[in-house]
Structures are given as structure tokens and as C-alpha cells.
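The primary structure of each chain is shown beneath.
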Amino acid sequence: MIITCALCKKVYDIPEERLRLQGSSVAFYCQACGNLIEIKLPGKGADGPPPKDSLVSGDALKKRILMTVEDLPPMPQVAQKARQVIANERSSFRDLARIIETDQAIATRVLKMANSSYYGLVSKVTSIQHAAALLGMKTLNDLLIFACAGTLLEQELLGYGLMTGDLWKHSLATAGCARSLAAKKRPHITDDAFTTGLIHDCGKIILDPYIAERHDRFMAFLEPEGTSFLDAEKELLGFDHAEIASEVCRKWHIPENMTLAIQAHHKPSLAGGDELAHIVHAADAIALMTGIGSGIDGMKYEIDVAVMESLELNSNEIGLHMASALEFVEEALELY
Ligand SMILES: [Fe+2]
Ligand SMILES: [Fe+2]
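Residues numbered from 1 in each chain as written. Chains lettered and ligands numbered in written order. Predicted model: local features only at pLDDT ≥ 70, side-chain atom pairs only at ≥ 80, totals over all residues. Heavy atoms only, no water.

Undergrad: What is the right way to look at the coordination of the iron ion (ligand 1) in this model?
TA: Around a metal, the perfect tetrahedron of four donors has angles of 109.5 degrees, and the perfect octahedron of six donors has angles of 90 or 180 degrees. Bound to the iron ion (ligand 1) on the protein side are D201 (OD), H241 (NE2), H265 (NE2) and H266 (NE2), at distances that span 2.1 to 2.2 Å. Taken together, the four donor atoms coordinating the iron ion (ligand 1) and their angles of 87 to 177 degrees define a geometry best described as irregular. Of note, the donors binding the iron ion (ligand 1) are all from one chain and are spaced D-x39-H-x23-H-H. In this model, the iron ion (ligand 1) sits 3.6 Å from the iron ion (ligand 2), the two metals being bridged by D201. Residue D201 is found in the loop between α9 (190–199) and α10 (202–213), and its partner H266 is found in the loop between α14 (256–263) and α15 (275–290); the two are separated by 65 residues along the sequence. (Donors = N, O, S within 2.8 Å, 3.2 Å for Na, K, Ca; no water. Tetrahedral: all angles 85-135°; square planar, octahedral: opposite > 155°, others 65-115°. Helix = DSSP H or I, 4+ residues; strand = E, 2+ residues; numbered from the N terminus.)

This is the structure in C-alpha cells:
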């Protein structure tokens, strides 16, 4: 069944059998603009639209969110496929270009970045294949991850009180910090640390419309000093952005080590002694300390003591990683 968002005109193609599992009517939030889309299914009883989910929380809300997410084109798929192509020694520049060109908006952005002064190419590149040949597969893949993540993370998140670009800056700070931390402490996971840092808060994009709808309740919950958005998510929705992100990442076939690190980024004990989870947790907390793109509760998170010990981190080093995160954000924004 083709469903079009009345507000932004985004089109969803959802199998009718699945819609019917939900009853005589279906309601979900448009992932592009957050509008509540309600449809009455033809041939079903006239028992009115489903109740708005303002009172729903816990498993019922999670089920509804996951159902909506399932119908999204999995945006990072192009990045995932590119990862597989690069991992295959027999792949050519052409194979990589073919994958990237499946998404024209992303391909255009990649080309734009490849042509930026940062890479200092003498002549302008006009095709992805040409860019791959000049910059190499690894650099092109970095640009691709950037382009994918930026498209997703740039948007304004009204529920969280984040302006356009805030989450992107925080994600860049976390990625830059995860990379510098990993390079120093766990060099073999530097690339994964960077990518995971970049997408660690993708759950916020998913939850934002549901938080926006419960704006008054969230604001009332956040009033007492010391309460954070994370506490509010758990209390008012029944789960937090890290938990929903991990479920979505599994649907999107993000590698399990990265999914686990995303799931545990606010509670590293969930991941046992996993080193990627430790790096991403510390990088997120350090990025929040910089105050960049942190929103209203940036200063309410600390580095877990067990993570401080396992990474042998001290306050001097934290200062240095904060500085390198800030430097990276500046550099990345210029490039992007
Ligand atoms: Fe987070
Ligand atoms: Fe974060």
C-alpha cells in the first residue's frame, strides 16, 4: 500500500498484510518530518482511528517505532555495502563507484567533498570512479561515511532541543575523540571507533518525534537539577535512545561490535569489557564536556570509573582529547 505523508510528501510502500496486522487503522510518524500519519484501512470496521500514542510507552511504543523504522530505506546501507566492497581484495574502484552511485544525493555530496580544497586535487573530479582512483578507496569510504552520517544527523531535533547541526557537531566531536583515543589506547580499532562515534546517537533521531509530542512531560521531568534526558527517556518512554538505536542497527545489519558499543554508550557495563564500547563511551562523555552541540543537558554525563581504569585515562589526557575533538569538528565542518 502506498502511503504519502500529507506534510512533506514522503512516500512509504508498506505491504498491506503487515498493515492489517495492526488492526483496522494504522498510525505512525513520518521519519522525514515527524508528522503523525493515520490511515484507515479499506474494508475494515469503522471503529475510528487508533488512539494517538501519547500515552503509550514501553514495549507497545517500541513495537510501533520499530515497525515504522522497518519501512525506512536503511540509509546506511550504501555505507555498509561499500564496506564489504572495500574488504574484498578483488574489488575495483568501479565496484565501489557503482555502490555509491546507487544514491545520487550521497554521491553528489561525496564528489563535492572530494573537490574541496582539503584534498588539494589539481583538477576537478566529476565521477565517483575518478575520485576513487585519485583519492584511494579508504579515503573515498571515509567521505562516504561522512556524507551518509551528515545527511542523517544534520537535522534539527526539536524534542531534544537541538538546533540544525547540533547533533552533527556532537557526533563529529565524539567521532574525532573516539579516533584519537583509540589511536592512543587501542590502535587496532581506530576505524571502527571513528564510525561508531559518528553514529552512536542515531537513536535520538528515531525518538525525537515521540519526545516532541510529550514535550510538556519531558520538560517537567527535567526541571529538578541533576535529571537528564536519558533518565527522562527511560521514565517516560520506557527505554532510551541507546536501546532503540541498537535494535535499529541490528535491523540495518550494522556489525555487531559497533551495535553493542552504541547500545552501551551510556552504560558501558552492558558490554562487559568490550574495548570499542569503552572507547565510544569515553569519547561521548568527553565530547559532551566540550559543550559542542550538546543541547540542554550536555554536562550531566561522566566517564564511567571502570572505563577510566581500563583505558588508563587521566584528567590531563582528557583535556588533550577534548582539544583534538574540537579541532576535528572545525576541520570536518570545513570539509563537509
Ligand atoms: Fe547518547
Ligand atoms: Fe552522544
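Undergrad: Could you clarify how one ought to interpret the coordination of the iron ion (ligand 2) in this entry?
TA: The coordination sphere of the iron ion (ligand 2) contains the protein donors H170 (NE2), H200 (NE2), D201 (OD) and D284 (OD), at a distance range of 2.1 to 2.2 Å. When the donors of the iron ion (ligand 2) are listed by position in the chain, the intervening gaps give H-x29-H-D-x82-D. Taking the relative accessible area as the measure of exposure, H200 reaches 0% and is therefore buried. (Buried < 20%, exposed > 50% of the residue type's maximum accessible area, 1.4 Å probe, protein only.)

Undergrad: Can you help me understand helix α17 (residues 315–335) in this one?
TA: One full turn of an α-helix is made of 3.6 residues, so residues set three or four places apart face in the same direction. In this model, α17 (21 residues) spans 30 Å end to end at C-alpha, consistent with the 30 Å of a helix rising 1.5 Å per residue. Along α17, the positions that sit buried rather than exposed are E317, I318, H321, A325, F328, V329, A332 and L335. Seen end-on, α17 carries its buried residues on one side only, within an arc spanning 130 degrees. Summarising the geometry of α17, the exposed residues directed more than 90 degrees from the buried face are N316, L320, E327, E330 and E334. If you follow the buried residues of α17, they end up packed against α5 (104–114), α7 (137–153), α8 (166–185), α9, α15 and α16 (305–310). Two to three positions downstream of the cap, the backbone nitrogen of N316 sits 3.1 Å from a side-chain oxygen, assigning the N-cap of α17 to N314. (Expected span 1.5 Å × (residues − 1). Arc of directions from axis to C-beta. Contact = heavy atoms within 4.5 Å. Polar contact = N/O pair within 3.5 Å; in protein donor to acceptor, adjacent residues only side chain to side chain.)

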